[in-house]
Amino acid sequence: MYALYAWGNFIREVGLDRQPAWLDPAVLRGEQQVIDESLMIGDTDTLLVDGPGTLFEIDGDDKNLVPGSALIGRDLSGVKWRVSRIRAATDGTREDALRIVAAVQEDGDFYEEEERHEYNSVPVGEIVTLWEDDHGQWTLALVEL
């Protein structure tokens, strides 16, 4: 099983990481999408999101990211939270994740990261491949779960 995660400066710069829609129980259960015209990588179509698998930073703890599914029913009022790693909605195959990457690469200046990070920047599974854009706005990671 494979997943595609996306993160970077862009989501913080446009405020996507703190949109209240992320905490909608229907999104966290995977029954509904976060709809925002800014939720795209380059000029591609709007990125469809796997809400239960998207990873959140709670109270500034970027070492212990929490999946959206673990936030269902949790009262986060008064708690500092943000989306840290967006999990793209795929069918779980490597091919479907790579289909999204191919669309992004057609439109943007993405390159495959040659060097592995010293730590797993996605704390689930094992990173197979990383891509980054030339502007430091997005990082994509294909993860084998």
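Computed from a predicted structure; not experimentally measured.

Observations regarding the pattern of salt bridges
Reasoning step 1: What the rule picks out here adds up to four salt bridges.
Reasoning step 2: Of the charged contacts in the structure, one is a salt bridge between Glu31 and Arg29, with a shortest N-O distance of 3.1 Å.
Reasoning step 3: Of the residues examined, Glu31 reaches a relative accessible area of 56% and is grouped as exposed.
Reasoning step 4: Classification of Arg29 by relative accessible area gives partly exposed; the value is 42%.
Reasoning step 5: Between Arg87 and Asp50 there is a salt bridge, and its shortest N-O distance comes to 3.3 Å. Within this pair, whereas Arg87 is found in strand β4 (residues 81–87), its partner Asp50 is found in the loop between α2 (25–28) and β2 (55–58), the two being separated by 37 residues in sequence.

Structural notes on the packing of aromatic side chains
Reasoning step 1: For the coordinates displayed, the defined rule picks out two aromatic pairs.
Reasoning step 2: A ring pair is formed by Phe10 and Trp138, whose centres lie 5.6 Å apart and whose planes are at 35 degrees; its orientation type is tilted. With Phe10 in helix α1 (residues 9–13) and Trp138 in the loop between β6 (126–133) and β7 (139–144), the pair connects residues that are 128 residues apart, well separated along the chain.
Reasoning step 3: In this structure Phe10 comes out as partly exposed when scored by relative accessible area, which is 21%.
Reasoning step 4: Residue classification places Trp138 among the buried residues on the basis of a relative accessible area of 4%.

A word on the sheet that holds β4
Reasoning step 1: One open sheet holds the seven strands; their spatial order is β3-β2-β4-β1-β7-β6-β5, and the pairing between them is antiparallel. Strands at the two margins of the open sheet, each flanked by one partner only, are β3 (61–67) and β5 (110–112). Strand-to-strand twist of the sheet, defined as the mean angle between neighbouring strand axes without regard to direction, takes the value 30 degrees.
Reasoning step 2: Here β2 pairs with β3 via three bridges, running antiparallel. Residue pairing across strands places Ile58 opposite Asp61, the latter belonging to β3.

Parameters at a glance
- Residues numbered from 1 in each chain as written.
- Predicted model: local features only at pLDDT ≥ 70, side-chain atom pairs only at ≥ 80, totals over all residues.
- Heavy atoms only, no water.
- Salt bridge = Lys/Arg side-chain N within 4 Å of Asp/Glu carboxyl O.
- Buried < 20%, exposed > 50% of the residue type's maximum accessible area, 1.4 Å probe, protein only.
- Helix = DSSP H or I, 4+ residues; strand = E, 2+ residues; numbered from the N terminus.
- Phe/Tyr/Trp six-rings, centres within 6.5 Å; stacked < 30°, edge-to-face > 60°.
- Pairing = 2+ DSSP bridges.
- Axes fitted to C-alpha atoms, helices over the stretch in contact; angles between N-to-C directions.

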